[in-house]
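This is what each chain is made of:
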Amino acid sequence: KGYKVVQIGAPTDKKMETEGIVDLTGKMTFKQTYPFLRHCSGYLGVDSGPAYLSGQAGIPTLLIMGSTQNQTSDKKGPSVGPRNDNVYYLNPQRPNNQNCTPVPCYVHCLIGKAGGCISDISTDIVWEKINQILKITSKDEGPLEHHYV
């Protein structure tokens, strides 16, 4: 939709194998990442160092949460992630199962779900949330009370 997608991260991060994505993994230091993010239209990622920088940079930020979820009402795991008005969270729906534990569920899911609950978040869901966030942030209505989209 008119945006250039750039992948940032460590040289060991898994590369996105999608045509048209600019790969800058391993090409910037952590110190160089913040000024780079300040020039971006938005950030999509996971709970990580660059996510906190994105929050500080003030750009619309969507974090896909996995084994930890950013919900203070979630009694199964800690509330994590940056606490900035421009940060939004996409939490996978956890099953109602007493054996479901938060960390590290995507590696060793105790209820046998391959890839963990995060694998239920489709690219269509992510794009829908990105479009919602861009509509919200372009209206300049100030911060939302809750950033769970």
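Visitor: Explain the pattern of salt bridges to me, using residue names and the numbers behind them.
Guide: Under the defined criterion, the tally for this structure stands at 1 salt bridge. Residues Lys129 and Glu128 are paired through a salt bridge, measuring 4.0 Å at the closest nitrogen-oxygen approach.

Visitor: Quick rundown of the pairing of strand S4 (residues 61-64)? Include the residues and the values.
Guide: Residues Thr61 and Leu63 point to one face of S4 and Leu62 and Ile64 to the other, with burial holding for every one of them. As judged from the 3 bridges shared by strand S3 (residues 43-45) and S4, these two strands associate in the parallel manner. Looking at S4, one finds that Gly45 is bridged to Leu63. Each parallel crossover has a hand, and for S3 linked through helix H2 (residues 49-57) to S4 it is right-handed. Two strands pair when backbone bridges link them, and S4 and strand S5 (residues 87-90) are joined in this way by 4 bridges, in the parallel orientation. Pairing of Leu62 across the sheet is with Tyr88, part of S5.

Visitor: Got a sec to walk through the environment of Met16? Specific residues and values, please.
Guide: As for its placement among the helices and strands, Met16 is situated in the loop between strand S1 (6-7) and strand S2 (22-23). For Met16, a relative accessible area of 45% puts it in the partly exposed group. Spatially, the C-alpha atoms of Met16 and Val6 are 9.8 Å apart, while their sequence positions differ by 10 residues. Not counting residues within four places of it along the chain, the set of residues in contact with Met16 comprises Gln7 and Ile21.

Visitor: Lay out the environment of Tyr34 in plain terms, naming residues and giving numbers.
Guide: In this fold, Tyr34 is placed in helix H1 (residues 30-38). As for Tyr34 and Ser54, which are separated by 20 residues in sequence, their C-alpha atoms are 7.1 Å apart. Discounting chain neighbours no more than four positions away, the residues touching Tyr34 are Leu53, Gln56 and Ala57.

Visitor: Provide a residue-level description of the sheet that holds S4, including the pertinent values.
Guide: In a beta sheet, neighbouring strands pair by backbone hydrogen bonds and run either parallel or antiparallel. Read across the sheet, 3 strands follow the order S3-S4-S5 without closing on themselves; strand pairing throughout is parallel. Looking along the sheet, the strands with just one partner apiece sit at the ends: S3 and S5. Each strand of the sheet is rotated relative to its neighbour by a mean of 15°, with strand direction disregarded.

Criteria and thresholds
- Residues numbered from 1 in each chain as written.
- Predicted model: local features only at pLDDT ≥ 70, side-chain atom pairs only at ≥ 80, totals over all residues.
- Heavy atoms only, no water.
- Salt bridge = Lys/Arg side-chain N within 4 Å of Asp/Glu carboxyl O.
- Buried < 20%, exposed > 50% of the residue type's maximum accessible area, 1.4 Å probe, protein only.
- Helix = DSSP H or I, 4+ residues; strand = E, 2+ residues; numbered from the N terminus.
- Pairing = 2+ DSSP bridges.
- Right-handed = clockwise from strand over helix to strand, strands pointing away.
- Contact = heavy atoms within 4.5 Å.
- Axes fitted to C-alpha atoms, helices over the stretch in contact; angles between N-to-C directions.

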